[in-house]
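The chain contents come next:
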Amino acid sequence: MMRAVTVAVTVAVALLSAAMLRHAPADVNIPTAKPVPIMQVLPLPHNQASITRNGKEITRYHFAPNLHRPFLYPIIGPSGRSLTRMGHPHDPTSHSHHNSVWLSHHKVEGLDFWSDRGHGLIEHQRIIQYTDANEEASILALIHWKATGQGKDADGKSHVA
């Protein structure tokens, strides 16, 4: 059954291609395709974006709304193995905030943004830009550092860094 479906799809694509060539004007100038960059950012479902080199993932940006902060995981080295881990192997309960590579700080204007039990939250707002190139790929994101409600300053304001 699978072979019949494959053959049918192949024949349909060949017929469609032949029909398109037969009806295409001879003087149509088809633009030259740009080469695929070596480094690319690939948006993914579930609030993730993958950074690849030559089609192989080297890291993934995680930015789901339920996270305490966005992070990169895994970080794949030249050997193909992950250079980072999730959590702390000797103390997973009190070190649940160890999510591979992340940006945070213990105290910002009196708020703890470091631990998952702190009063600060680093919230991903939106992706501003993805950039693909041969030498690098990047993700520019708007991120809001804010108080969770329990640790607001004397003015009751959120903090933006």
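As a reminder, the structure under discussion sits directly above these lines.
Summarised in this report is the structure supplied together with it. What you see is a predicted model, and the numbers here were worked out from it, not measured in a lab. (Residues numbered from 1 in each chain as written. Predicted model: local features only at pLDDT ≥ 70, side-chain atom pairs only at ≥ 80, totals over all residues. Heavy atoms only, no water.)

1. Some thoughts on the overall build of the chain
Then, number 1: Along its length, the chain carries one helix and seven strands.
Then, number 2: Of the regular secondary structure in the chain, the N- to C-terminal order runs α-β-β-β-β-β-β-β.
Then, number 3: Out of the 161 residues belonging to the chain, those deemed buried represent 23%.
Then, number 4: Of all intrachain contacts in the chain linking residues separated by at least 6 positions in sequence, the fraction that spans at least 24 positions is 35%.
Then, number 5: Of the roughly 11,500 Å² that the chain leaves accessible, carbon and sulfur atoms contribute 59%. (Helix = DSSP H or I, 4+ residues; strand = E, 2+ residues; numbered from the N terminus. Buried < 20%, exposed > 50% of the residue type's maximum accessible area, 1.4 Å probe, protein only. Contact = heavy atoms within 4.5 Å. Areas by Shrake-Rupley, 256 points an atom, 1.4 Å probe, with all protein chains shown as cover.)

2. Concerning the pairing of strand 2 (residues 48-53)
Then, number 1: Across the six residues of strand 2, five count as buried, placing the element largely inside the fold.
Then, number 2: Taken together, the six bridges between strand 1 (residues 39-44) and strand 2 define a ladder with antiparallel strand orientation. Note on strand 2: the bridge partner recorded for proline 43 is alanine 49.
Then, number 3: What sits between the antiparallel neighbours strand 1 and strand 2 is a turn of three residues, in which histidine 46 has the positive phi angle 65°.
Then, number 4: For strand 2 and strand 3 (residues 56-62), the ladder comprises six bridges, and the chain directions are antiparallel. (Pairing = 2+ DSSP bridges.)

3. Points about the nonpolar core
Then, number 1: Membership of the largest hydrophobic core is limited to seven residues, which are Met39, Val41, Ala49, Ile51, Tyr61, Phe63 and Ala137.
Then, number 2: Those elements giving two or more residues to this core turn out to be strand 1 and strand 2.
Then, number 3: Dropping the residues within four chain positions of it, tyrosine 61 is found in contact with Asn47, Gln48, Ala49, Pro70, Phe71, Leu72, His124, Ile127, Ile139, Ala141 and Ile143. (Core = buried A, V, L, I, M, F, W, Y, C linked by side-chain atoms within 4.5 Å.)

4. Thoughts on the environment of aspartate 112
Then, number 1: With respect to the helices and strands, the residue aspartate 112 is situated in the loop between strand 5 (101-102) and strand 6 (120-131).
Then, number 2: For aspartate 112, a relative accessible area of 12% puts it in the buried group.
Then, number 3: As a C-alpha pair, aspartate 112 and alanine 147 span 35 residues in sequence and 9.0 Å in three-dimensional space.
Then, number 4: If we skip the residues at most four places from it in the chain, aspartate 112 touches His105, His106, Gly118, His119 and Gly120.

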